[in-house]
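# Summary of structural features
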Amino acid sequence: MRLPPRVRRLFRLGSQTQIQRDLDDEIQHHFHEAVRSGVQRGLSEDEAIRRARARFGDERAYRKALRTIDEGRVRMREKSEFVDGAVRTVRFALRGLQRAPGFTAAIVTILALGIGANSVMFGVVDRLLLSPPQHVTDADDVRLIQVRRTLSNGDVSTGASITYPDFTDLGNVTGFALVAGYTNPRPWTIGRGADAKRVRVVGTSASLFPLLGVQPALGRFFDANDDELDAEPTVVLAHELWEREFGLDPSVLGTSLDIGAGRYTVVGVAPAGFTGAELAPVDLWLPMKVHESIESGDGWLDNRNWYFLHAVGRLAPEVTGERATAQATAAHRSGRAEMAAEDRYDTDAEIVLAPIIAAQGPSLTSQAQVARWLGGVSVLVLLIACFNVANLLLARSIRMRREVAVRLALGVSQARLTAEVVTESLVLAGLGAGAAVLVARLMGRAVHQSLLPNVAFSDATIGGRMLAFTLAATLVAGVLTGAVPALQARRTELVDALRAGGGNVASARSRTRIGLLVGQAALSVVLLVGAGLFVRSLNNAQALDLGFDADRLAVMSLEWNETLPAAERRAIYEEVLAGVRRLPSVREAGLSYTVPFRSSISIGTPRVPGLDSIPRHHAGGPYANKVGSGYFGAMGLTMVQGRPIEAIDDAEGAQPVAVVSASMAQAIWPDGSGLGSCMLVGDEPDTPCTEVIGIVENHRREQLVEDEPHFLYYLNQSHPAFSGPPQVLMAGTVGDPAAALLLIREEARTTSSQIRFVNATSMTDFVEPQMRSWRLGASMFTAFGLLALIVAGWGLYSVLAFDVALRHHELGVRAALGANRSRIVHLVFRQALTLVGVGVGVGLAGAAGMARFVEPMLFRVSGTDPATYAIVVVTLMVVGGLAGLLPAVRATRVDPREALRAD
């Protein structure tokens, strides 16, 4: 048992005084013996004293050495006594827990859920907010480069995507020691035929690896020679793909891999967990220039409207972020000066340097914002668990009140009793932490895979930082849960406790226990309100009319075994289209160049004879798409006027035709006279007239919430933006969407031997990322809310049941005096609903106070939504009623005669 610090200091002071006295006595004894021995040998007393002093030497050094030895013995004895006391206390706590296995299991389960939930959310928050991507050295000097500019509608946009000319401008900034460019992970195919697989590929400049300070696990990274347009294609494997596909075989170096349309030589392997400057998982790293030239030609080299790159820079030595920002902004504006002069770009655009550690940045992604809130929510779950455990321990301490009083009467100190209570709570917390590790592994894997698939997490679900956090949470839980019963034990009145009978109603109704119950209910309300708001946000987003049914819209693209002429690729697409249309699970299908929520192309402003200008849309555009017959039917878009593009419009010598979106038609022809009008698409003087044959309803382009963009659809015009074959096949499906996708893949795969890989997916996959923050919030808030509700309901039940047990005598007297069963049930129910009602009131006030902070993360729902609050209130009251049901029934079974005989 560890004594208080003040007692230990007094004990040491007393021990040192005793040690000094013992040393004095011992030295004097040996000195007098030496003098006596000299006198006996015939020496004079003075001579004997002189020789004794000479024999003993430096008395102070001798005294100091002896004191050091004695003090060491005292310290060893103190440590031994402390360890023995601690072991006895732990054994005592374990014996007590073994005598109540149900009680122990309940507490361990509650703590395991509370600590496990906190560990999982700490792992998510740590990955998204607190830690740099793995293997990044000196992360404080690394900056993500973004561009902030004002759009034509006045909105301020901060974007991470830049063009290649913008990237080359940044390379001249002296404030950066290095600048690197890279693409987002994109799906590409590796291998041929039946062995072909989809992998996540990032194109990067050779400077990325030295900029981040990462070293290869095998071989080398790209060098300057690999980063040239005419260089031999090379590839660096991610460690995870090397392990998964090649079994960590070092002979993979020098082998060739078919990736997309090119053949690349493996030169190295990245270290495990490396994802570059972002958190998205990566399978392959390719030289950006080589890869882009193979897949996209060279149009991106000098095109300042081709946004596909992200940039990252490392600050030069002794250069501040402010100075580098000013230099980068000047370089960016200089490169865009011509466009700004023509009013095609914001003259006040500026570079923003964001820290690579998200929590240090000025803004967070929606997922990171939700994760930060969920981190706080998980703490509330732990508090609810601690409140519940503290209440259970307090209830047991009330039941053991007489036993505690007897021990005090027998001489056990208050300090020892307090130590035993705290030790028991720490032991329970330790057992809960062991179970929490298992909970964290299961929950963590599910959260990572289902809710955060675009974030790379370590395979070791429980890392060092998470383990340290779990231990800290365990210690906090142990102290919090042990503090209340420890204080209760110190307040035990010896005489009253020894005189008390089997129960004490006043103790059962203590303010502490009521406060803990109200706190549980209040925190549960906050969590359930959050869950309801995020669930409503997700439902609102899913119910949003996008203009098409994403669940029943398949998007299919083809990859080729070799480079084929555009005409041959188009012919294969047409053949696949014919086969797909024959499938019974396909309603309609058509070819397209762009896909909503994935790509769009702005072609400049068309001209309409007779009009001085076409009104410009504040969000940019108009956007164009080259589509084939069946496209509008596949998308499920309704024609407002006129007709859709049909096969006859693609006949040789046919008049160029176009369909415009309803928003574009309304802007150009407010009187509805657009059908049959002539539109000139392109800047050439001899541009042929394109006839507007139809007006189609609007659909979303890239955001769930956006003003209806201006869209132009055509088929047979010649425009450089749509050179080459179609890029995708869109198919509207009926029946089971998953089964339809399988049939579409199989149909395409068997059409031509030139098809290397068929990538068929649901349109939902493109829309889903924008819903991920609401899905994450809805899922985790709901899980935590239900957990809190269960724990709070269990806590209320246990308190009411214990209260009924302690009020056995009172209830028996009431029954003996004529109280019927309904009155007794009403008595218990009123107590349950009163406690829950007070907690609900406090919780609603807390939820309303936090509404303005959480509201920006919601979708078309108020932070004080009355319906959500009402559902939570009803839910809590129902749970309170159910928690009081069984104790109320037990209360009616009290035998008045037995109760009256009890004391």
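Attention in this report is confined to the structure presented alongside it. Computed from a predicted structure; not experimentally measured.

Before going further, it helps to examine empty space enclosed by the protein. Counted according to the given criterion, the structure contains five cavities of 30 Å³ or more. One number sums up the size of the largest cavity: a volume of about 100 Å³. Those elements giving two or more residues to the lining of the largest cavity turn out to be helix H17 (511–542), helix H23 (772–806), helix H25 (821–854) and helix H26 (866–892). Sort the elements by how many residues they give to the lining of the largest cavity and H23 lands first, with four residues. Taken as a whole, the second largest cavity holds about 80 Å³ of empty space. In terms of lining, the second largest cavity is formed by 13 residues, of which the most central are Tyr182, Thr183, Val202, Thr275 and Glu278.

This part takes up the sheet that holds strand S13 (residues 553–560). On the basis of which strands lie adjacent, the open sheet formed by four strands has the order S14-S22-S13-S23 and antiparallel pairing. At either end of the open sheet lies a strand with only one pairing partner, and these are strand S14 (586–592) and strand S23 (755–762). The sheet shows a mean angle of 20° between the axes of neighbouring strands, direction not considered. Relative to S14, helix H18 (residues 566–581) is tilted by about 170°, and along the sheet it contacts S13, S14, strand S22 (728–733) and S23. Contacts from helix H21 (residues 737–749) reach S13, S14, S22 and S23 within the one sheet, and its direction differs from that of S23 by about 165°.

Moving on, we come to the packing of H17 against H25. The N-to-C vectors of H17 and H25 enclose an angle of 45°; their axes lie 7 Å apart at closest approach. By the angle between their axes, H17 is oblique relative to H25. Between H17 and H25 the crossing geometry is right-handed. Judged by residue contacts, Ile514, Leu517, Val518, Ala521, Ala522, Val525, Val526, Val529 and Phe534 of H17 engage Leu835, Val836, Val838, Gly839, Val840, Val842, Gly843, Leu844, Ala847, Met850 and Val854 from H25. Taken together, the residues that form the contact of H17 with H25 break down as 18 nonpolar, two polar and no charged.

A separate point is helix H9 (residues 321–335). Between its first and last C-alpha, H9 extends 21 Å over 15 residues, near the 21 Å set by a 1.5 Å rise per residue. When we look at burial in H9, the residues that qualify are Gly321, Ala324, Ala328, Thr329, Ala331 and His332. Here the buried residues of H9 occupy an arc of 165° about the axis, which is enough to place them on one side. For H9, the exposed residues set more than 90 degrees away from the buried face come down to Glu322 and Ser334. On the buried face of H9, the contacting elements are strand S1 (142–150), helix H5 (164–170), strand S3 (176–182), strand S11 (310–315) and strand S12 (350–355).

Here we come to a nonpolar patch on the surface. A surface patch of nonpolar side chains, amounting to about 510 Å² of accessible area, comprises Val874, Val878, Leu882, Leu885, Leu886 and Val889. Inspection of the secondary structure assignment puts Leu882 in helix H26. Judged by its relative accessible area of 58%, Leu882 is exposed.

Let us look at the packing of aromatic side chains. By the definition in use, this model includes 18 aromatic pairs. Both rings, one in Tyr164 and one in Trp300, keep their centres 5.2 Å apart while their planes meet at 90°; by these two values the pair is edge-to-face. In this pair, Tyr164 is assigned in helix H5 and Trp300 in the loop between helix H8 (288–296) and S11, connecting sequence segments 136 residues apart. Overall, Tyr164 belongs to the buried group, its relative accessible area being 9%. When its relative accessible area of 0% is taken as the criterion, Trp300 is described as buried. Note on Trp774 and Phe859: the rings are 4.9 Å apart at their centroids and 45° apart in plane angle, and the pair reads as tilted. Placement of the pair is Trp774 in helix H23 and Phe859 in the loop between H25 and H26, with a sequence separation of 85 residues. As far as burial versus exposure is concerned, Trp774 and Phe859 are alike and both buried.

Reading the values: rules and limits
- Residues numbered from 1 in each chain as written.
- Predicted model: local features only at pLDDT ≥ 70, side-chain atom pairs only at ≥ 80, totals over all residues.
- Heavy atoms only, no water.
- 1 Å grid on protein atoms, 1.4 Å probe; cavity = no way out; pocket = protein on both sides within 12 Å on 5 of 7 lines; lining within 4 Å.
- Points joined across faces, edges and corners; volume = space filled by probe spheres on them.
- Helix = DSSP H or I, 4+ residues; strand = E, 2+ residues; numbered from the N terminus.
- Pairing = 2+ DSSP bridges.
- Axes fitted to C-alpha atoms, helices over the stretch in contact; angles between N-to-C directions.
- Contact = heavy atoms within 4.5 Å.
- Parallel < 35°, antiparallel > 145°, perpendicular 65-115°, else oblique.
- Left-handed = near helix turned anticlockwise from the far one by under 90°.
- Nonpolar A, V, L, I, M, F, W, Y, C, P; charged D, E, K, R; others polar.
- Expected span 1.5 Å × (residues − 1).
- Buried < 20%, exposed > 50% of the residue type's maximum accessible area, 1.4 Å probe, protein only.
- Arc of directions from axis to C-beta.
- Patch = residues over 30% accessible without salt bridge, like charges linked within 9 Å, V, L, I, M, F, W, Y side chains within 5 Å.
- Areas by Shrake-Rupley, 256 points an atom, 1.4 Å probe, with all protein chains shown as cover.
- Salt bridge = Lys/Arg side-chain N within 4 Å of Asp/Glu carboxyl O.
- Phe/Tyr/Trp six-rings, centres within 6.5 Å; stacked < 30°, edge-to-face > 60°.

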